[in-house]
Amino acid sequence: MSSKQAFSVDDLYLHHKVTDLDCARGSPVAACAVRSVDRDSDGYISCIWAFALDGSWHRQLTRRPGHDSSPVWSPDGGQLAFLSDRAGGGSQVYLLPRDGGEARQVGQFAQSVSDLQWMPDGRGARGHDAGERKQSAPEVAWKLPYKSDGIGYMLAREIRLFRLDAGSGKQRQLSDGAFDVLGFGISPNGRHIAYARTREGRFAHRTDLWVCDADGSSHRQLTRELAMVLEPAWSPDGRWIAFAGAREEGDAQECLWLLEFATGTLRRLGDDSLNVGGDALHWSADGKSIVCVRPHRGRHQVVSVGVEEDGGIEVLLAGDRQLGAFAACDSHFAYAVDSPAQPSELWCSRTDGSNECQLSDFNPWWKERTPIAVETREFRVPDGRGGEEMVEGWLLRAAGAEGPLALLNDMHGGPASYALLDFDTNVYWQALCARGWAVLALNAVGSASYGREFCDRLMGHWGEYDLPQHLAAVRQLQSEGVCDARVAVCGKSYGGYLSSWAIGHTQLFRAAIVMAPVGNIETHYGTSDGGYYADPLYMGSGERFDRELARRLSPLQHIEKARTPTLFLQGKDDERCPKCQSEELFVSLARAGETPAELVLYPGEGHLFLSEGAPSCRADASRRIVDWVQQHAVNSPSRTSPALTPTLSQRGQERERGEEPGQEPQAGDR
């Protein structure tokens, strides 16, 4: 008889997550921040650890109190700079000798420091500091965006660039103006600073690449043709500046760009299949290639991208998993692995991908749980244009579980994203598998990392093209005996959109969880922190917002036909998908009939309440998810599975053929 324990929601209180990561130059040593839950304060603590990448030693460098993050090794590897709020108030800069000892604070900023880097000579550091805040003054908006999720009102502060002397603690402000510095890189000779900054004027959501001298003089703009520029990284010889960015505002598929500093020549590296993260670009020592993490078919790969005109892409490290924090030195990669089958731990490999091994054991409790089996599956589904295609998804079950099982169809956010596999976001996955459920996390059309065409095809067809793919995948699992009629649906953000759209178009699902959704695209356009530029893009209407299309594609127009018991979960202070989106759906469903519906608002929580919210909030939300689907999909009397309602994509195809679409059946006829 197995002595293993079942996963539970309370395991989130045990989980340690590897976050920020940096490797020392010239020495295979990594420093990482490790976040854990402080149950007494209903918050988090974060400590810094150091690991030899050959596995010979490791040590904890910092301990409570405080939240220690953003470790950065000095150029000679002798000191470690990091950010900490241990003194109370905002995060400040601290220095620690490599071999440990007492950390000392360097300087004092009026507000929190958000990022830091060493100067090449190791004598100073640069960082961001948020400018003045006025807590009780009226909040006046004169430009966009005027608010941001997790921050709230933005126009009472600016994020500025400073230089901090590591010895004396003296600081010098290097930037000033009605803009925010969002990322920066220092040239190898220490003479220049490249930085990404928001635009001045009414539309400050766009970011450009700028450069200034090391003393804060001679600021000049380097890019104008892009809508978004992220963390710049200089080549070792100072000739090139690499960065992730996008041409279209709201485009979540960042490409890799290369700018020649002397001439200002800008070009894109790679093809449409190369999307990259914005903060993990590492130049090779010879300056001939860039190492970065790229999303590829729902997974993460470490690749080397040549900078010559005909430079190719070489995959260095891959697997059926995703990566969290990532860093590189001359001989090793260091990274955190995200997989439903294992906890967050620090791993490393040689730079050719060989000798991969796990370095840390922050989560020994995981070994005491019944293992989760994770497999990738392919499904033949309609492509939305009259044909068929294959799509991929992750299928989770307790190891050894045999069907038919109850199934949770988890719809990811974005939509230009993909199913995220980290434990902190999806605690309820493991808890449901422990109760005899299977979980399907499908990367349907519209998902990023499967090519530009596959992702962009969903523009202007939200719900129309991707819902039929989810339904086909569920039907395939039912036909294979993996699951039966006990099927539930859930999703957050765009996944909240799609799950609420689904229950208005089919009764396949016995229970639904709708989290932080886009429920009414027309009101989302004006109330979301990014809706005014992202929604037109994803509606496929360019910069013009098509209100008629937005209304037609809104779940709110169909929610009153739903007969699926639905739980709405929402951060009350969400600025990405504001609470009005859940409220409109909930009120409309509750007034439409006797369908069970509940709305749960979490005060003080934003859009990331499920993964980054207070531990008690995350635990409460996860328990409610498990209890709701168990009650309505498993414990309630079984229902006859009705025929599916024709989807809008089917009716749209009828219109394109010149046919008159049939009248949509009423809820009672389905």
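Residues numbered from 1 in each chain as written. Predicted model: local features only at pLDDT ≥ 70, side-chain atom pairs only at ≥ 80, totals over all residues. Heavy atoms only, no water.

Engineer: Help me understand the overall build of the protein, please; the structure alone is not making it clear to me.
Structural biologist: Along the backbone of the protein there are 11 helices and 39 strands. Here the C-alpha radius of gyration of the protein, 25 Å, is about what a compact globule of 670 residues would show, namely 26 Å. Put simply, the protein has 670 residues, and 59% of those count as buried. If you take every contact in the protein between residues at least 6 apart in sequence, the share linking residues at least 24 apart comes to 55%. Of the roughly 26,700 Å² of accessible surface on the protein, 45% is carried by carbon and sulfur atoms. Both charge centroids of the protein, one from 70 positive and one from 91 negative side chains, sit 2 Å from each other. (Helix = DSSP H or I, 4+ residues; strand = E, 2+ residues; numbered from the N terminus. Rg over C-alpha atoms; globule rule 2.2 N^0.38 Å. Buried < 20%, exposed > 50% of the residue type's maximum accessible area, 1.4 Å probe, protein only. Contact = heavy atoms within 4.5 Å. Areas by Shrake-Rupley, 256 points an atom, 1.4 Å probe, with all protein chains shown as cover. Lys, Arg positive; Asp, Glu negative; His and termini not counted. Charge placed at Lys NZ, Arg CZ, Asp CG, Glu CD.)

Engineer: Got a minute to help me understand the sheet that holds strand β37 (residues 511-515) in this structure?
Structural biologist: Across a sheet, paired strands are connected by hydrogen bonds in the backbone, their directions being either parallel or antiparallel. If you trace the eight strands from one edge of the open sheet to the other, you get β32-β33-β35-β34-β36-β37-β38-β39, paired in mixed fashion. Two strands lie at the open edges of the sheet, namely β32 (372-382) and β39 (597-602), each paired on one side alone. For this sheet, the mean inter-axis angle between neighbouring strands, taken without regard to orientation, is 20°. In the sheet, β32 pairs with strand β33 (residues 388-398) via 11 bridges, with the strands oriented antiparallel. Within the sheet, the bridge partner assigned to Val381 lies in β33 and is Glu389. Against the sheet, helix α1 (residues 427-434) makes contact with β32, β33, β34 (405-411), β35 (437-443), β36 (483-492) and β37, and its axis sits at roughly 140° relative to β35, the strand it touches most. Packed onto the sheet, helix α4 (residues 494-503) meets β34, β36, β37 and β38 (566-571) and runs at close to 135° relative to β36. (Pairing = 2+ DSSP bridges. Axes fitted to C-alpha atoms, helices over the stretch in contact; angles between N-to-C directions.)

Engineer: Please clarify how the pairing of strand β27 (residues 313-317) should be interpreted in this entry.
Structural biologist: Regular strands place their side chains on alternate faces of the sheet. The pairing of strand β26 (residues 299-306) with β27 spans four bridges and is classified as antiparallel. The residue bridging Val303 from the neighbouring strand is Val315, located in β27.

Engineer: Teacher, can you tell me more about the pairing of strand β7 (residues 92-97) here?
Structural biologist: Within β7, five of the six residues are buried, leaving the element largely enclosed by the surrounding structure. With six bridges connecting them, strand β6 (residues 79-84) and β7 associate as antiparallel partners. Directly across from Leu80, in β7, lies its bridge partner Leu96. Strand direction decides the pairing type here: β7 and strand β8 (residues 104-105), joined by two bridges, are antiparallel. Looking across to β8, one finds that Leu95 is bridged to Arg104. The loop that links β7 with its antiparallel partner β8 comprises six residues; one of these, Gly100, has a positive phi angle of about 100°.

Engineer: Which parts of the structure should I look at to understand the packing of aromatic side chains?
Structural biologist: Two aromatic rings are characterised by how far apart their centres lie and by the angle between their planes. Under the criterion given, the structure shown has 22 aromatic pairs. With a centroid separation of 5.1 Å and an interplanar angle of 75°, the aromatic rings of Trp49 and Phe362 are classed as edge-to-face. Of the two residues, Trp49 sits in strand β3 (residues 43-52) while Phe362 sits in the loop between β31 (357-358) and β32, which places them 313 residues apart along the sequence. Taking the relative accessible area as the measure of exposure, Phe362 reaches 11% and is therefore buried. Relative to Phe423, the ring of Trp365 has its centre 6.1 Å away and its plane inclined at 55°; by these criteria the two rings are tilted. Residue Trp365 is located in the loop between β31 and β32, and its partner Phe423 is located in the loop between β34 and α1; the two are separated by 58 residues in the primary sequence. Pairwise contacts between aromatic rings join Trp462, Tyr494, Tyr497, Trp501 and Tyr538 into one cluster. (Phe/Tyr/Trp six-rings, centres within 6.5 Å; stacked < 30°, edge-to-face > 60°.)

Engineer: Looking at this model, I keep getting lost on the nonpolar core. Mind explaining?
Structural biologist: What tends to happen in soluble globular proteins is that the nonpolar side chains get buried as a cluster. Counting residues in hydrophobic clusters, the biggest one holds 58 residues, and the most contacted among them are Phe379, Leu407, Trp462, Leu477, Tyr497, Ile521 and Leu553. The next biggest cluster of nonpolar side chains, apart from the first, holds 45 residues, and it includes Ala488, Ala516, Ile625 and Trp628. (Core = buried A, V, L, I, M, F, W, Y, C linked by side-chain atoms within 4.5 Å.)

Engineer: In this structure, what is going on with the packing of α1 against helix α10 (residues 615-635)? I would like to understand it.
Structural biologist: The geometry of a pair of packed helices is captured by two quantities: the angle between their axes and the separation between those axes. Put simply, α1 and α10 touch, their axes get as near as 9 Å, and they point 40° apart. As the angle between them shows, α1 and α10 are arranged oblique. For the pair α1 and α10, the crossing hand works out as right-handed. Counting all contacts with α1, which are made through Val427, Tyr428, Ala431 and Leu432, the residues of α10 involved are Arg618, Ser622, Ile625, Val626 and Val629. Across the contact of α1 with α10, the residue classes tally to seven nonpolar, one polar and one charged. (Parallel < 35°, antiparallel > 145°, perpendicular 65-115°, else oblique. Left-handed = near helix turned anticlockwise from the far one by under 90°. Nonpolar A, V, L, I, M, F, W, Y, C, P; charged D, E, K, R; others polar.)

Engineer: Can you help me understand the sheet that holds strand β25 (residues 289-296) in this one?
Structural biologist: Strand order in this open sheet of four strands is β24-β25-β26-β27, and the pairing throughout is antiparallel. Pairing within the sheet leaves two strands with one partner each, and these edge strands are β24 (282-283) and β27.

Engineer: Can you help me understand helix α6 (residues 531-538) in this one?
Structural biologist: In an α-helix there are 3.6 residues to a turn, and that puts residues three or four apart on one side. Burial analysis of α6 places seven of its eight residues in the buried class, which makes it a mostly covered element. For α6, every residue scored as buried is listed here: Gly531, Tyr532, Ala534, Asp535, Pro536, Leu537 and Tyr538. Elements that come into contact with the buried residues of α6 comprise α5 (521-527). Taken from the residues just after α6, Gly540 is the one with a positive phi, measuring 75°.

Engineer: Quick question: what am I supposed to make of the environment of Ala472 here?
Structural biologist: Here Ala472 lies in helix α3 (residues 466-479). Between the alpha carbons of Ala472 and Gly324 there is a distance of 31 Å; along the sequence they are 148 residues apart.

Engineer: I tried to follow the packing of α3 against α4 on my own but got confused; where do I start?
Structural biologist: Packing of α3 against α4 leaves a shortest axis separation of 10 Å and a crossing angle of 75°. Judged by the inter-axis angle, α3 sits roughly perpendicular to α4. For the pair α3 and α4, the contacting residues are Asp466, Leu467 and His470 in the first and Tyr494, Leu498, Trp501 and Ala502 in the second.

Engineer: So what exactly am I meant to see when it comes to the side chain of Lys17 here?
Structural biologist: Along the polypeptide, Lys17 turns up in strand β1 (residues 17-23). No salt bridge is formed by the buried Lys17; the nearest opposite charge belongs to Asp338, separated by 4.1 Å. (Salt bridge = Lys/Arg side-chain N within 4 Å of Asp/Glu carboxyl O.)

Engineer: Even after reading the chapter, I still don't get the confidence of the model for the protein, so can you show me in this structure?
Structural biologist: Detailed conclusions should not be drawn from predicted coordinates in areas where pLDDT is low. Across the protein, the average pLDDT comes to 92, with 92% of residues at or above 70. Across residues 640-670, confidence stays below pLDDT 50; counting only partners more than four residues off in sequence or on other chains, it has 47 contacts. (pLDDT = per-residue confidence, 0-100.)

Engineer: Got a minute to help me understand the pattern of salt bridges in this structure?
Structural biologist: One side chain can pair with another of opposite charge once the charged atoms of both are near each other. Considering all chains together, one arrives at 38 salt bridges under this definition. Close ionic contact of Glu575 with Lys147 constitutes a salt bridge, the shortest N to O distance being 2.9 Å. Linking Glu575 in the loop between β38 and α8 (579-592) with Lys147 in strand β11 (residues 147-148), this pair joins segments that are 428 residues apart in sequence. Residue Arg618 is joined to Asp424 by a salt bridge in which the shortest nitrogen-to-oxygen separation is 3.6 Å. Residue Arg618 is found in helix α10, and its partner Asp424 is found in the loop between β34 and α1; the two are separated by 194 residues along the sequence. Residue Arg618 shares its accessibility class with Asp424, and that shared class is buried. Shared partners join several salt bridges into a network, and the residues in it are Arg35, Asp424, Glu612 and Arg618.

Engineer: Any chance you could explain the side chain of Ser500 here in plain terms?
Structural biologist: Relative to the helices and strands, Ser500 is located in helix α4. For Ser500, a relative accessible area of 1% translates into the label buried. Polar contacts involving the side chain of Ser500 include one to the main-chain carbonyl oxygen of Gly496, which spans 2.8 Å. When near neighbours in sequence (up to four residues on either side) are disregarded, Ser500 contacts Val514, Pro555, Ile559 and Leu585. (Polar contact = N/O pair within 3.5 Å; in protein donor to acceptor, adjacent residues only side chain to side chain.)

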